[in-house]
Amino acid sequence: MELLSVIRRWHYRDHFSIREISRRTGLSRNTVRKYLRSDTVEPKFNIPDRRSKLDPYADKLSHMLRQEAGKSRKQKRTTKQLHADLAALGYDGSYNRVAAFARDWKAARQQEQKTCGRGVFVPLAFLPGEAFQFDWSEDWAVIAGERTKLQVAHVKLSYSHAFILRAYPQQTHEMLFDAHNHAFRVLGGVPRRGIYDNLWTSPAQGDLLVRRLECTNLSGLLRDDSRPWP
């Protein structure tokens, strides 16, 4: 693509500042302004090959970005944190250079995957009684005149979206099991599998959780999967 078209696209469509365009192209700000005002002039120049302080750390930063891309939004490190990690390894360059590298890396990855923004939403379909979703959230309530922080357990059927909320003072195994017990009692049965977002138990504890749920009678609440759920 011709350079003049790139400059105009960065400025008018992507809303890059003249300073940013000047940094990316190596042109002076006055030259960038002249090309933005011009309708016909096409600049001709060779972009100088400048070494960056980030070059020796480019592979390491790419590896770090690939790791972050596989994490959930809440677990991802910020670009400032990545810059701090590189600084601990000896990088003494600016944060802006790391941020620009991360933007370009993410744009290239999105182009490779042919996605945009946060990606493509793929709807999921479930059969009646197939699965439930479990998660925790935090909320506040006034109890005995005092403002108290609560841990709220969420259980929702993936097919019908019927759900139940139950509040506890803490997130413990006993309260986890109690939340499942009451949810299955109210919702009328035990789905075949559960979906957990970032289950905070260790693998061994997670296996124990599954075995306990499988072995718990739950007052005979198992029901025929062929029957419609709420």
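Use the structure listed above.
Description of the structure in this document. Every value quoted in this text rests on a predicted model; they were computed, and no experiment measured them.

Regarding unusual backbone geometry
Located in the positive-phi region is H15, a residue other than glycine, with phi close to 60 degrees. By relative accessible area, which is 64% here, H15 ends up exposed. Of note in the backbone geometry, A144 takes a positive phi value of approximately 55 degrees without being a glycine. Looking at the secondary structure, you find A144 in the loop between β1 (131-143) and β2 (146-157). Residue class for A144 comes out exposed when judged on its relative accessible area of 81%.

Some details on the pattern of salt bridges
For the coordinates displayed, the defined rule picks out eight salt bridges. Of the charged contacts, one joins E20 and R23 as a salt bridge, the two residues approaching to 2.6 Å between their closest N and O atoms. Of this pair, E20 and R23 both sit in helix α2 (residues 18-25), three residues apart, which is roughly one turn of that helix. Here R23 falls in the partly exposed class, since its relative accessible area comes to 36%. For E20, the salt bridge is made with R103, and the minimal N-O distance between the two is 3.8 Å. Of this pair, E20 sits in helix α2 while R103 sits in helix α6 (residues 95-113), placing them 83 residues apart in sequence. Taking relative accessible area as the criterion, R103 reaches 43% and is therefore assigned partly exposed. Salt bridges sharing common partners tie together E20, R23 and R103.

Focus on the nonpolar core
Among the nonpolar cores identified, the biggest contains 15 residues, and F132, F134, W136, A153, V155 and Y168 are the most heavily contacted of them. Going through the elements one at a time, β1, β2, β3 (163-168) and α7 (173-187) are the ones with two or more residues in this core. Broken down by element, this core gets its largest block of residues, six residues, from α7. Ignoring anything within four residues of it in the chain, the contact list for F134 reads A153, H154, V155, L176, A179, H180, I195, Y196 and D197. L54, L61, L82 and Y91 belong to the second largest nonpolar core, which has eleven residues in total.

Basis of the calculations
- Residues numbered from 1 in each chain as written.
- Predicted model: local features only at pLDDT ≥ 70, side-chain atom pairs only at ≥ 80, totals over all residues.
- Heavy atoms only, no water.
- Buried < 20%, exposed > 50% of the residue type's maximum accessible area, 1.4 Å probe, protein only.
- Helix = DSSP H or I, 4+ residues; strand = E, 2+ residues; numbered from the N terminus.
- Salt bridge = Lys/Arg side-chain N within 4 Å of Asp/Glu carboxyl O.
- Core = buried A, V, L, I, M, F, W, Y, C linked by side-chain atoms within 4.5 Å.
- Contact = heavy atoms within 4.5 Å.

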